[in-house]
Amino acid sequence: MSDVELNMKVSPSMLAAETRLVAASAIEDACQHVLNVSNMRVPIQEGHLEKSGDTVVDRTELKGYIFYDQPYAVRQHEELDYRHAPGRTAKYLELAAQEEAGTVETIIATRLREITR
């Protein structure tokens, strides 16, 4: 995995088996949401960086990862002096994660509430 990644975790020891499955699925949905938002601002020239974005969920540890798998992903993410097309920016994943934190919480909480009714 690239060094440009975001980790999301729910404490697995607190959850029953059925709840863990739903939590893993909710983490997957939340990661995909953040990736979609990040893809709207990732620097784009030919589209390779955007297409390399992906998510992985460790269902045992209930951790979600969002990453871009191009050799230049970290540099594009961290270099604040690069010029980008309108709407495209450095810190594309970090900003998306920060701005969508509330939505991520809502996605996970909503899914978990559905099974406790």
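Above this text is the structure in question.
Only a predicted model underlies this, so the values are computations on that prediction, with no experimental measurement involved. The numbers attached to residues start from 1 for each chain and follow its sequence in the written order. For a predicted model such as this one, the threshold for reporting local features is a pLDDT of at least 70, and the threshold for listing and counting side-chain atom pairs is 80 or more; totals across whole chains, interfaces and linings nevertheless cover every residue. In computing side-chain values, all of the structure's heavy atoms are included and hydrogens and water are not.

(A) Layout of the overall build of the protein. Numbering of helices and strands starts at the N terminus; helices are DSSP runs of H or I of at least 4 residues and strands are runs of E of at least 2. When helices and strands are counted, the protein shows five helices and three strands. Taken from the N to the C terminus, the helices and strands of the protein come in the order β-α-α-β-β-α-α-α. Looking at the protein as a whole, 38% of its 117 residues qualify as buried. Residue contacts are counted whenever heavy atoms from the two residues lie within 4.5 Å of one another. A separation threshold of at least 6 residues defines the contact pool for the protein, and within that pool the share at least 24 residues apart is 69%. Accessible area of the protein: about 7000 Å², with a carbon and sulfur share of 48%. Relative accessibility thresholds used throughout: buried, under 20% of the residue-type maximum; exposed, over 50%; partly exposed, between the two (1.4 Å probe, protein chains only). Working definition of accessibility: Shrake-Rupley area with a 1.4 Å probe, residue cover restricted to the visible protein chains.

(B) Just the packing of aromatic side chains, in detail. Centres within 6.5 Å are what make two rings of Phe, Tyr or Trp a pair, Trp counting through its six-membered ring; a difference in plane orientation under 30 degrees is then read as stacked, over 60 as edge-to-face, and the rest as tilted. Scanning all chains against the criterion turns up one aromatic pair. Taken together, a centroid distance of 5.1 Å and an interplanar angle of 90° make the contact between Tyr68 and Tyr92 edge-to-face. Placement of the pair is Tyr68 in strand β3 (residues 63-68) and Tyr92 in helix α4 (residues 92-99), with a sequence separation of 24 residues. Each member of the pair, Tyr68 as well as Tyr92, carries the same accessibility label: buried.

(C) Spotlight on the environment of Gln32. Take Gln32: it is sitting in helix α1 (residues 17-39). Put simply, Gln32 and Gly64 are 32 residues apart on the chain and 9.6 Å apart in space, counted from C-alpha to C-alpha.

(D) Quick look at the pattern of salt bridges. Whenever a carboxyl oxygen of Asp or Glu lies within 4 Å of a side-chain nitrogen of Lys or Arg, that contact is scored as a salt bridge. Throughout the structure, instances matching the rule amount to six salt bridges. Arg59 serves as the salt-bridge partner of Glu28, at 3.0 Å between the closest nitrogen and oxygen. Highlighted residues: Glu28 in helix α1 and Arg59 in the loop between β2 (53-58) and β3, separated in sequence by 31 residues. By relative accessible area, Glu28 is classed as partly exposed at 34%. Between Asp29 and Arg111 there is a salt bridge, with its nearest N and O atoms 2.4 Å apart. Of this pair, Asp29 sits in helix α1 while Arg111 sits in helix α5 (residues 101-116), placing them 82 residues apart in sequence.

(E) Up close: α4. Listed in full, the buried residues belonging to α4 are Tyr92, Leu93, Ala96 and Ala97. The arc enclosing the buried residues of α4, seen along the axis, measures out at 125°, which places them on a common side. By definition, the arc is the one covered by directions from the helix axis to the C-beta atoms.

(F) Local environment of the layout of surface pockets. By volume, the largest pocket amounts to about 200 Å³. A cavity, in this analysis, means grid points on a 1 Å lattice covering only the protein atoms where a 1.4 Å probe fits yet has no way out; a pocket is instead an open set bounded by protein on both sides within 12 Å along at least five of seven lines, and a residue lines either one if it has an atom within 4 Å of a point. Taken together, Pro43, Ile44, Gln45, Glu46, Gly47, His48, Leu49, Tyr72, Gln76, Arg83, His84 and Ala85 form the lining of the largest pocket. For this classification, the nonpolar set comprises Ala, Val, Leu, Ile, Met, Phe, Trp, Tyr, Cys and Pro, the charged set comprises Asp, Glu, Lys and Arg, and every other residue, Gly included, is treated as polar. Residue classes in the lining of the largest pocket are distributed as five nonpolar, five polar and two charged. Grid points are joined across faces, edges and corners, and a volume is the space filled by probe spheres set on the points.

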